[in-house]
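Given next are the chains, with one letter for each unit.
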Amino acid sequence: MTSSALPFSPLQASIVNLSAELKLLIKCRKNEPVEAEELNTINWPLFLQLVKSHRMIGGLYPVVDENEWLPVEVKDRLKTIYNQNKLRMLTFTAELLHISKLFQKNKIASIPLKGPMLSYVYHRDFMQRVCHDIDLLLEPAQIEKAYSILYDEGYRMMEKIYTTPKQKEVYLANFHHYCLYHETKNIIVELHWRLLASQSILTFPNAELWKNAWVEKISGIDIQLLSKHDNFLYLCVHGGQHQWKRLFWLNDIAVILQKEEAKFITEAYDLAKQRGIGNYVLQALQLASALYKIILPASIIDEIASKDSVSHLSKIALVHMNALLSLDEQEPFSLKTLRGKVSRFLLHYTSSYYYGDFKNVVHEAKAYFINPAYWSVFAFPDRVFLLNYVAAPFLWGYHFFQKFRKSDL
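Summarised in this report is the structure supplied together with it. Computed from a predicted structure; not experimentally measured.

Here we come to the packing of helix α7 (residues 115-123) against helix α12 (residues 247-259). In contact at an axis separation of 10 Å, α7 and α12 are set at 30 degrees when each is read in the N-to-C sense. Of the possible angle classes, the one that applies to α7 and α12 is roughly parallel. Like other packed secondary-structure pairs, α7 and α12 cross with a definite hand, here left-handed. In contact with Leu118, Tyr122 and His123 of α7, α12 contributes Asp252, Val255, Ile256 and Lys259. The class makeup of the residues in the contact of α7 with α12 is four nonpolar, one polar and two charged.

Taken across its six residues, strand β5 (residues 187-192) has six buried, putting it largely inside the fold. Here β5 shows no split at all, with Ile187, Val189 and Leu191 on one side and Ile188, Glu190 and His192 on the other all buried. Note: strand β2 (residues 134-138) against β5, four bridges, orientation parallel. The residue bridging leucine 137 from the neighbouring strand is histidine 192, located in β5. Here strand β4 (residues 177-182) pairs with β5 via six bridges, running antiparallel.

Attention now goes to a nonpolar patch on the surface. Among the surface-exposed residues, Val342, Phe345, Leu346 and Trp396 lie close enough to one another that they form a single nonpolar patch of about 350 Å² accessible area. No other element matches the three residues that helix α18 (residues 335-355) contributes to the nonpolar patch. Mapped onto the secondary structure, leucine 346 falls in helix α18. Among the residues examined, leucine 346 registers a relative accessible area of 51% and is labelled exposed.

Turning next to the environment of cysteine 131. Tracing the backbone shows cysteine 131 in the loop between α7 and β2. The exposure class assigned to cysteine 131 is buried, which follows from its relative accessible area of 7%. A sequence separation of 46 residues divides cysteine 131 from asparagine 85, and the C-alpha atoms of the two residues are 8.9 Å apart. Those residues within four positions of cysteine 131 in sequence are excluded, and the remaining contacts are Met89, Phe92, Gly115 and Pro116.

Each value, and the rule that gives it
In this numbering scheme, every chain counts its residues from 1 along its sequence in written order. Owing to the predicted nature of the model, reporting of local features is limited to residues with pLDDT of at least 70; listing and counting of side-chain atom pairs is limited to 80 or more, with chain, interface and lining totals taken over all residues. Side-chain descriptors were evaluated using all non-hydrogen atoms of the structure, hydrogens and water having been removed beforehand. Between N-to-C directions, angles cover 0 to 180 degrees, with each direction set by a line fitted to C-alpha atoms, over the stretch in contact for helices. Secondary structure counts use DSSP, requiring at least four H or I residues in a row for a helix and at least two E residues in a row for a strand, with both numbered from the N terminus. Here is the rule for angles: anything less than 35 degrees is roughly parallel, anything more than 145 is roughly antiparallel, 65 through 115 is roughly perpendicular, and the remaining ranges are oblique. Crossing handedness is read from the near helix: turned anticlockwise from the far helix by less than a right angle, it gives a left-handed crossing, and turned clockwise, a right-handed one. Throughout, a contact is declared for two residues whenever any of their heavy atoms are within 4.5 Å. In this count, Pro and Cys sit with the nonpolar residues alongside Ala, Val, Leu, Ile, Met, Phe, Trp and Tyr, while Asp, Glu, Lys and Arg are called charged and the others, Gly among them, polar. To sort residues, take the accessible area from a 1.4 Å probe on protein chains only and compare it with the maximum for the residue type: under 20% means buried, over 50% means exposed, and anything in between is partly exposed. At least two bridges found by DSSP between two strands is the condition for calling them paired. Patches here: salt-bridge-free residues with over 30% relative accessible area, like charges joined within 9 Å, nonpolar side chains (Val, Leu, Ile, Met, Phe, Trp, Tyr) joined within 5 Å. Note that accessible areas follow from Shrake-Rupley with a 1.4 Å probe, and for residues the cover is restricted to the protein chains shown. The salt bridge criterion pairs a side-chain nitrogen of Lys or Arg with a carboxyl oxygen of Asp or Glu, the two atoms within 4 Å.

Next comes the structure, spelled out in structure tokens:
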């Protein structure tokens, strides 16, 4: 399902403006020929940093291992990073299977999201991706029991998220997972009671997800997985909500489209429209076509062409993708960094609007008024809980400038 066809024209200028290092990373992943003059402009330390920040080493090193044009010292460094990731992914896989077995023993159903199982399904290899945590979807009624089991295993909440009954009620209604950390194993596990925080806006009906799930037997353990269509839609929305700033999320989309049959795309988009997430999927498809040269059905191309909002979303994603290093870093406070923060803030809300409508913007804005980090600084008692929303803007400002203070230390 690949082609040498040019990307959609609305993205041409944005793609041209990508850094030379990011363009090379994309070319390497596709195993395309690279001209000598392209290499002369490459900042190799920056290229290596991009490989790590975009989490591309899993699928990248096997492709470039045989390339003669890559500098020996760069190839050696990539090999080291690749081997480190292999060991890490083996550790994650072993822990995923251990937790799955524990949950099954205690009659808790779970579905792994992304991570090593996504790598296994499409590569038959647990190590072709990079992941930093283990995500598990559970039935809401099983979350507390699962948390108790992992607590006994040595996992602890990464941060205090609530201390009162009302805070817990609000957190469970507006967020979608607990984030747990095992200090000895250095592994993060996220327990999801739904796929997305914005479940009321973006529809992923839990009952349907569980009904459509299928089973893969790994090391004698039956592992439930999202159906391929549900999984694809989830990856599209997940990548979109993170502004596609890490290339490996889009790489997942490209790999799936290359491995599935042609009708998969139209089936997935039809389901996306039913669930109100059509623009998320169209954006992912447009980016995959533009950067990975994925062939799209004519009907999908027409859909993208008819929606200016999709190309706007894709251009915003390319901005974030190109600026990943500065997005990840905590920069000292200055007018320049303040302008950057404000610019990204506006881009985020622009994206929210283009994905749907003002309902999305309102939902996103609500996140600034419901934040457990505020409660850890100051919180009103439950009997006057509404006053926490009045205090939220001031606490947001406090956290905003605290980040700059820490970066100056």
